[in-house]
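# Coordinates in review
Given next are the chains, with one letter for each unit.
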Amino acid sequence: FAVQSALEDGWSIEKVHELTKIDPWFLSKLKNIASMRNACIQSGGLDKLLGDNAAERMRTLKLNGFSDRQIAKYTPGNSGEAHIRSVRKSLGVVPCVKQIDTLAAEFPAQTNYLYMTYAGNADDVAASPYFSASSDVLKGKSSERSKSVDSFIMR
């Protein structure tokens, strides 16, 4: 927390590296987060933060790991996480499901290793009947719920 606070207070990456010996590449990533957080705090509100290219700016925040809750916390004058989520969804900024190709495209993958990301425009796989988008809850027997997600969601 002290390193992030130092970067948010304007310390240079070089100074923090000198004192902590943390890799400058990693510190540059933390500095980027600090800069984005400060931009949210100093924005004067969500409308001003997002500006004319709202979808692109919201996607940038999400790509950099900001949750709806964090955006709500750091942006003055909004009505909370639910409001940020509503705005984000109305802008069309939603995550998509991507599949990791474990066989390097040599053969069709038999097992689905999936992840969700904002760095994409379309899902790699179709939705499963075991997942209800409206409730965000996996459906099935309790013994099935204990199976790993990658084998349960997509069969």
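Reference entry: report on the structure contained in this document. Residue positions within a chain follow its written sequence, with the count starting from 1. Since the coordinates come from a predicted model, pLDDT governs what is reported: local features require at least 70, and pairs of side-chain atoms require 80 or more to be given and counted, while whole-chain, interface and lining totals use all residues. Each side-chain value is derived from all of the structure's non-hydrogen atoms; neither hydrogens nor water enter the calculation.

### Quick word on helix α5 (residues 54–63)
Whether a residue is buried, partly exposed or exposed follows from its accessible area with a 1.4 Å probe, protein chains only, as a fraction of its type maximum: under 20%, in between, or over 50%, in that order. Runs of E in the DSSP output that reach at least two residues are strands. Runs of H or I that reach at least four are helices, and both are numbered from the N terminus. Every buried residue of α5 is listed here: A54, M58, L61 and K62. Mapping the buried residues of α5 onto a view down its axis gives an arc of 100°, with all of them on the same face. Here, the arc refers to the directions that run from the helix axis to the C-beta atoms.

### Some words on the pattern of salt bridges
Within this document, salt bridges are pairs made up of a side-chain nitrogen of Lys or Arg and a carboxyl oxygen of Asp or Glu, the two lying within 4 Å of each other. The full count for this structure, using the stated rule, is five salt bridges. D68 is the salt-bridge partner of K62, the closest N and O atoms lying 3.0 Å from each other. K62 sits in the buried class, given a relative accessible area of 10%. For D68, a relative accessible area of 8% translates into the label buried. The salt bridge involving R69 is made with E81; its shortest N-O contact spans 3.2 Å. On the criterion of sequence distance, the pair formed by R69 in helix α6 (residues 68–74) and E81 in helix α7 (residues 81–90) is long-range, its members being 12 residues apart. Exposure remark for R69: the relative accessible area of 56% places this residue in the exposed category. Salt bridges sharing common partners tie together K62, D68 and R88.

### Structural notes on a nonpolar patch on the surface
Patch membership needs two things, relative accessible area over 30% and no salt bridge, and members are linked within 9 Å if like-charged or within 5 Å if nonpolar (Val, Leu, Ile, Met, Phe, Trp, Tyr). For the area figures, the Shrake-Rupley method with a 1.4 Å probe applies, and any residue is considered shielded solely by the protein chains shown. A cluster of nonpolar residues, I100, Y113 and Y115, forms a patch on the protein surface that exposes about 280 Å² of accessible area. Relative to the helices and strands, Y113 resides in strand β2 (residues 113–117). You can call Y113 partly exposed: its relative accessible area is 36%.

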